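Summary of structural features
Residue-level listing of the chains:
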Amino acid sequence: MVVSVVLLWVCFCMLLFLIRTRRPKHFPPGPQTIPIFGNLHQLNLVNPVNDLQKLSDRYGKVFSFYFGGRPAVIITGMEAMREALLTKALDFAGRPGGVLLSHLTQGKGIIMADYGPSWKEHRRFALITMRNFGLGKQSMEERILGEVSYICAHLEKVAGQTIDPQTLFHNASCDIICSIMFGSRYEYDHEFFQAMIKMMADNSKIANGPWGMIYDTMPLLRNLPLPFQSALRDYHTVKMHVLDIVNEHRATRTPNEPRDLIDGYLDEVDKRGQDPAPFDDSQMLTMLLDLLFAGTDTTSNTIRAAVLYFMAYPDIQERCQQEIDMVLEGRDQLCFEDRHSMPYTQAVIHETQRAASTLPLSVFHCTTKDTELTGYQIPKGTLVIQNLSSVLHEETQWKFPHSFNPNNFLNEQGEFEKPPAFMPFSIGPRTCLGEGLARMELFLILVTLLRRFQFIWPEDAGEPDFTPVFGVTQAPKPYKMVVKPRTITAN
Ligand code: HEM
């Protein structure tokens, strides 16, 4: 009997050994895999960033990791990141198929579109059209400042009370994108608008959280009634609503007088005549949803992180306010150009982005051909994960890698300086398409808020907690704040 059990056990172990995933020759090293799970059991799925850092300490800046049977290469640190995304930019510019996000978008639009003509043309179209906004009569700056006035009006109403700012900042970031895409913004209490924002926040949590990982790793479970089904359903609901808005635009537009991004797209289709490919309705819808998703959580979570730091470091908040008051003295409104006269405030905003590390693992890439990285061979079609957070906290790159300190962005003369390891928007051909817009939003919103209000950590709220909540975007834990209006010196 004992012999049979031992024999059975030996056979089982041999079977596991035989079906164990083997790394290809010269592939980056990594931890031992187990069947079915690969290395998934070695990650804290609620927030894998620290585990990936520990694995890098053990296996090197470029290492491999198996999501189930699928190999991925993890890039850590600035040097390897630059080799992959700048030196070998096109080799690493693909997007993986077969993951939840690519199933949601069917690989269309921009974010999850693989490297190729459709991605290139849509990215170019969106960049140029957004740069020219300008579309219609309002400049991008005016659109943002218009939204800031709604935020300020709301904060004035709740001055002195203890509030959670999450919904307000989400509403404002989403409304700025809506104004660019649809030509109009929503009232903050609009029913669909609220539902859409909630769906986006939920989907962000699902897509990069444990359920997303399970979906990506175990195809057999995909049809079960698990939380990723609600992500697919919610995505479809928002898509149908955006389709209604597109149809409304078709009925009311004047060709060649674009009011917004949708009109611009329809003009582009007309311009292309009989064969507008790759421009079509389904590409347009996915592109619009890409921009909505990419532009809401990212910006609003960064603003939330900034306000948390203002409250946790009241001396830093006050120093920004002194600089802002001095530069804007006698003026009613600020403009984006003012950033050049506000080195300290600029440093604080950049330090917030560094410390908050809003997209810690960027968006997953994929190799477009057989290639090499730091001497290792990586086959075409390999999933590539950029640990951007590792660069933003790399000890050899920053004066104060692990603490919140605006001096990371100030030189000895107190001038603003951006170190090369500052890459929260990533680098290379896939770099964030909304970087220009996001930088303008962060500056105009945060400076106006600092000028108009003092942000105070509520007395009964304990100590500020900087532990992030991981999702597609990383966010501060929900917190409460008190705002007190300031007297401004405009005359
Ligand atoms: C603080 C705010 C933001 C941060 C930190 C951020 C960061 C990023 C990062 C890290 C990527 C992935 C780049 C890569 O794969 O290498 C990305 C992609 C992208 N972002 Fe942003 N983003 C922000 C705001 C925005 C906004 C406001 C928009 C929209 C207008 C936007 C649109 C996009 C798009 C469309 C892509 C996909 C680009 C492509 O695949 O070619 N982002 N962003």
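Rules and cut-offs
Residues numbered from 1 in each chain as written. Predicted model: local features only at pLDDT ≥ 70, side-chain atom pairs only at ≥ 80, totals over all residues. UniProt positions renumbered as here; feature names shortened; annotations may be inferred. Helix = DSSP H or I, 4+ residues; strand = E, 2+ residues; numbered from the N terminus. Buried ≥ 20, exposed ≤ 12 C-beta atoms within 10 Å, placed from the backbone. Axes fitted to C-alpha atoms, helices over the stretch in contact; angles between N-to-C directions. Left-handed = near helix turned anticlockwise from the far one by under 90°. Contact = placed C-beta atoms within 7 Å. Nonpolar A, V, L, I, M, F, W, Y, C, P; charged D, E, K, R; others polar. Pairing = 2+ DSSP bridges. Near = placed C-beta within 6 Å.

What about the UniProt feature "binding site: heme" (unreviewed entry) in the protein chain?
UniProt records the feature "binding site: heme" (unreviewed entry) at Cys432, using the numbering of this structure. Mapped onto the fold, Cys432 is located in the loop between helix H15 (388-392) and helix H16 (435-452). Overall, Cys432 belongs to the buried group, with 21 C-beta atoms counted inside 10 Å.

So, the packing of helix H6 (residues 140-157) against H16
Following both chains from N to C, one finds H6 and H16 inclined at 40°, their axes separated by 10 Å at the closest point. When you trace H6 past H16, the crossing you get is right-handed. Here H6 contributes Met140, Glu141, Ile144, Leu145, Val148, Ile151 and Cys152 to the contact with H16, which in turn contributes Leu437, Met440, Glu441, Leu444, Ile445, Thr448 and Arg452. Looking at the contact of H6 with H16, its residues break down into 10 nonpolar, 1 polar and 3 charged.

Digging into the pairing of strand S8 (residues 453-456)
Residues Phe453 and Phe455 point to one face of S8 and are all buried, whereas Gln454 and Ile456, pointing to the other face, are not buried. In this structure, S8 lies alongside strand S11 (residues 481-485), joined through 4 bridges in antiparallel fashion. Its bridge partner lying in S11, Phe455 is registered against Val483.

A few points about unusual backbone geometry
Residue Pro278 follows Ala277 across a cis peptide bond; omega there is 5°. Relative to the assigned elements, Pro278 resides in the loop between helix H11 (261-271) and helix H12 (281-312). In this structure, Ser362 is a non-glycine residue whose phi angle is positive, near 50°. Along the chain, the position of Ser362 falls in the loop between helix H14 (343-356) and strand S4 (365-366). By C-beta crowding, Ser362 is classed as buried, having 23 other C-beta atoms within 10 Å. The phi dihedral of Ser426 is positive, around 70°, even though this residue is not glycine.

Here we look at the site of the ligand
Near the ligand there are 25 residues, and of these Ala294, Gly295, Ser426, Cys432 and Gly434 occur at the shortest range. Broken down by secondary-structure element, the contributors of at least two residues to the shell around the ligand are H12 and H16. Among the elements that make up the shell around the ligand, the one with the highest residue count is H12 (7 residues). By residue class, the composition of the shell around the ligand is 12 nonpolar, 10 polar and 3 charged.

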